Amino acid sequence: MSSVLNYILLLICLLFIFAGIFKKVNVFQTFIEGAGKGLNSAVKIIPTILALIFAVKLLRESGVIDFIAGAASPFLARIGLPKEVVPMALLRPISGSGSAALLADTFEAYGPDSYIGMLASVICCSSETTFYTAAVYFGSCNIKNTRHTITAAICSDIAAVVFSILFVNLIF
C-alpha cells in the first residue's frame, strides 16, 4: 500500500511540474521562492509554538491538569465525564501530541474498549487543538486581535466533549 501511495505522490508532483511547464512558469524558481516564504513563516511562528509546548509540558509535569481534573470531577461526573477523561478534555484544545500521549496512557490503563478508553478516543478525535491552531494561523499572519475566534473555538471544544459523551453513551 505504501508503494502505491509513493507512486501517487510522485504522479501529483509530476502533474504540478508539467502544469507549470505548460503555463510557461519557471517551476524550479517558483518552488525556491515558495520554500523561502514557507521558511519565513516557520521562523515567525516558532516562538509561539515553543511557548505553547513549554506551557503544556509545565501543566502536565506540575500536576495542574490532574488537580483541575480532580477539582472539577464531581461536577463533570454528573454529566457523564469520568475524572479519568477530564485531562483529555482539558489538554486536547492545547496540544495534539500531548493528548495523543494521554490517549495512549488511557488505553494502557483502561483498555481501548472500555467506556473510559472509548470516550477519551472520541473526544480526542472529535475536537481540535484550538490554541495550537490559533497560534500557528494567527502567528504566521501577525494577527494580534483574534476577536471571537478563541471563544467560538472553545465553545466548539465544549460541544465536542458533550456530544462525545452522548455518542459513547448511545453506543456503549
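Residues numbered from 1 in each chain as written. Predicted model: local features only at pLDDT ≥ 70, side-chain atom pairs only at ≥ 80, totals over all residues. Heavy atoms only, no water.

Peer 1: Can you help me understand the overall build of the chain in this one?
Peer 2: On a plain count of helices and strands, the chain comes out with 8 helices and 0 strands. Shown N-terminal to C-terminal, the secondary structure of the chain runs as helices and strands in the order α-α-α-α-α-α-α-α. Computed over its C-alpha atoms, the radius of gyration of the chain comes to 21 Å, more than 25% above the 16 Å expected for a compact globule of 172 residues. Counting only C-alpha atoms, the chain reaches 65 × 40 × 30 Å along its principal axes. Classification of the 172 residues of the chain by burial places 30% in the buried group. Considering only contacts within the chain whose residues lie at least 6 apart along the sequence, 69% involve residues at least 24 apart. For the chain, the computed accessible surface area is about 11,500 Å², with 71% contributed by carbon and sulfur atoms. Of the side chains in the chain, 11 bear a positive and 9 a negative charge, and the two mean positions are spaced by 16 Å. (Helix = DSSP H or I, 4+ residues; strand = E, 2+ residues; numbered from the N terminus. Rg over C-alpha atoms; globule rule 2.2 N^0.38 Å. Buried < 20%, exposed > 50% of the residue type's maximum accessible area, 1.4 Å probe, protein only. Contact = heavy atoms within 4.5 Å. Areas by Shrake-Rupley, 256 points an atom, 1.4 Å probe, with all protein chains shown as cover. Lys, Arg positive; Asp, Glu negative; His and termini not counted. Charge placed at Lys NZ, Arg CZ, Asp CG, Glu CD.)

Peer 1: Help me understand the environment of valine 162 in this model?
Peer 2: Considering the arrangement of structural elements, one finds valine 162 in helix H8 (residues 149-171). Residue valine 162 is classed as partly exposed on the basis of its relative accessible area of 35%. It is 8.6 Å that separates the C-alpha atoms of valine 162 and leucine 81, two residues lying 81 residues apart in sequence.

Peer 1: Hey, could you run me through helix H5 (residues 96-110) in this one?
Peer 2: Because each turn of an α-helix spans 3.6 residues, side chains separated by three or four positions end up pointing in the same direction. An ideal rise of 1.5 Å per residue puts 21 Å on 15 residues; H5 measures up with 21 Å between its terminal C-alpha atoms. Turning to H5, its buried residues are Gly98, Ser99, Leu102, Leu103 and Thr106. For H5, the angular spread of the buried residues around the axis is 140°, confining them to a single face. Among the exposed residues of H5, those oriented more than 90 degrees off its buried face are Ser97 and Glu108. (Expected span 1.5 Å × (residues − 1). Arc of directions from axis to C-beta.)

Structural measurements only, silent on function.
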